[in-house]
Amino acid sequence: QIPQSEPAEAWQASLPSSSFEESADSSEVAFKDEAEEATELHPAVVLAQDFLFKVMRLRTAPQRSNWFRTLEDSAFQIVGGLVQATSGIGCDDSLTDRALAISQLKRAFRGEAYARGAVSGLKSEGVFEDTQATQLFNHLDQILDVIQQLSAAAWQAPDDEDAP
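Residues numbered from 1 in each chain as written. Predicted model: local features only at pLDDT ≥ 70, side-chain atom pairs only at ≥ 80, totals over all residues. Heavy atoms only, no water.

## Some remarks on the overall build of the chain
Looking only at helices and strands, the chain has 4 helices and 2 strands in total. Listed N to C, the secondary structure of the chain is β-β-α-α-α-α in terms of helices and strands. Residue pairs in contact within the chain that sit at least 24 positions apart in sequence constitute 66% of those at least 6 positions apart. Working note: accessible area of the chain is about 11300 Å², and carbon and sulfur atoms make up 52% of it. (Helix = DSSP H or I, 4+ residues; strand = E, 2+ residues; numbered from the N terminus. Contact = heavy atoms within 4.5 Å. Areas by Shrake-Rupley, 256 points an atom, 1.4 Å probe, with all protein chains shown as cover.)

## Details of the nonpolar core
By size, the foremost hydrophobic cluster in this structure holds 29 residues, and its most contacted members are Phe-51, Leu-71, Ile-78, Leu-82 and Val-119. At the level of secondary structure, the elements contributing two or more residues to this core comprise helix H1 (43-58), helix H2 (66-85), helix H3 (95-124) and helix H4 (130-155). Filtering out sequence-adjacent residues up to four positions away, Val-119 remains in contact with Leu-71, Phe-128, Ala-133, Leu-136, Phe-137 and Leu-140. (Core = buried A, V, L, I, M, F, W, Y, C linked by side-chain atoms within 4.5 Å. Buried < 20%, exposed > 50% of the residue type's maximum accessible area, 1.4 Å probe, protein only.)

## Some thoughts on the packing of aromatic side chains
On inspection of all chains with the given rule, the structure shows 1 aromatic pair. Measuring from centroid to centroid gives 6.5 Å for Phe-68 and Phe-128, while their planes differ by 75°, and the two rings are edge-to-face. One end of the pair, Phe-68, is in helix H2; the other, Phe-128, is in the loop between H3 and H4, and 60 residues separate them in sequence. (Phe/Tyr/Trp six-rings, centres within 6.5 Å; stacked < 30°, edge-to-face > 60°.)

## A short note on the pattern of salt bridges
Pairing between side chains becomes possible if they bear opposite charge and their charged atoms approach one another. In this structure the tally under the stated criterion is 3 salt bridges. A salt bridge links Asp-141 to Arg-116; the nearest nitrogen and oxygen atoms lie 3.0 Å apart. Of this pair, Asp-141 sits in helix H4 while Arg-116 sits in helix H3; the two residues are 25 residues apart in sequence, bridging distant segments of the chain. We note a salt bridge from Lys-123 to Asp-130, for which the minimum N-O separation is 3.6 Å. A relative accessible area of 37% means that Lys-123 is categorised as partly exposed. One salt-bridge network, in which partners are shared between bridges, spans Glu-112, Arg-116 and Asp-141. (Salt bridge = Lys/Arg side-chain N within 4 Å of Asp/Glu carboxyl O.)

## Notes on H1
Within an α-helix, residues lying three or four positions from one another point in the same direction, as the helix has 3.6 residues per turn. A rise of 1.5 Å per residue sets the reference length of H1, with its 16 residues, at 22 Å; its end C-alpha atoms lie 23 Å apart and thus fit the reference within 8%. Buried-residue contacts for H1 involve H2, H3 and H4. (Expected span 1.5 Å × (residues − 1).)

## Things to note about the packing of H1 against H4
Packing of H1 against H4 leaves a shortest axis separation of 10 Å and a crossing angle of 155°. Between H1 and H4, the interaxial angle falls into the category roughly antiparallel. Considering how the two elements wind past one another, H1 and H4 form a crossing that is left-handed. Between H1 and H4, the residues in contact are Ala-44, Leu-47, Ala-48, Asp-50, Phe-51, Lys-54 and Leu-58 and Gln-132, Gln-135, Leu-136, His-139, Leu-140, Gln-142, Ile-143, Val-146 and Leu-150, respectively. Of the residues assigned to the contact of H1 with H4, the class counts are 10 nonpolar, 4 polar and 2 charged. (Axes fitted to C-alpha atoms, helices over the stretch in contact; angles between N-to-C directions. Parallel < 35°, antiparallel > 145°, perpendicular 65-115°, else oblique. Left-handed = near helix turned anticlockwise from the far one by under 90°. Nonpolar A, V, L, I, M, F, W, Y, C, P; charged D, E, K, R; others polar.)

## Considerations on the confidence of the model for the chain
Parts of the prediction with low pLDDT should not have their coordinates interpreted in detail. Model confidence for the chain is summarised by a mean pLDDT of 79, while 66% of its residues fall at 70 or above. A low-confidence stretch, residues 18-38 stays under pLDDT 50, and its non-local contacts, those more than four residues away or across chains, total 18 contacts. (pLDDT = per-residue confidence, 0-100.)

## Describing the packing of H2 against H3
Contact geometry for H2 and H3: axes closest at 7 Å, N-to-C directions at 155°. As judged from the angle between their axes, H2 and H3 are roughly antiparallel. Considering the relative orientation of H2 and H3, their crossing is left-handed. Residues belonging to the contact of H2 with H3 are distributed by class as follows: 14 nonpolar, 10 polar and 2 charged.

This is the structure we're talking about:
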């Protein structure tokens, strides 16, 4: 266990204990995970992360174009929205969980739209060649299909939930 020092101030006594614990088999510090084991990523998240990594690899030199910054920000919004939308939030398919998923899917959708605009801007500035832009557009098309499928599923109410 990590030694706990006495609180210097009275308000510190009310803080929860450390979220770090010492590993039993080594002196490494491991972060406590609520789920206790890692879960596999949703295929939508993997697709979005692939897009993000592709965008990050395109930055070979400092880019002066604001379009590139928009593209990077948009790729992060896509990933963040899809991670949160597919996290299962409360995992009970309640109206609240579906509403939270829908709001995060809107975030991912907005990121996709901005990314598409940024790719067009970079192509018009000559930063991207036609083949690079086409590859990114194709990847965005796949992401858009997934967002639409997840949105349709989130909007669909379970049979017994909204019955009078």
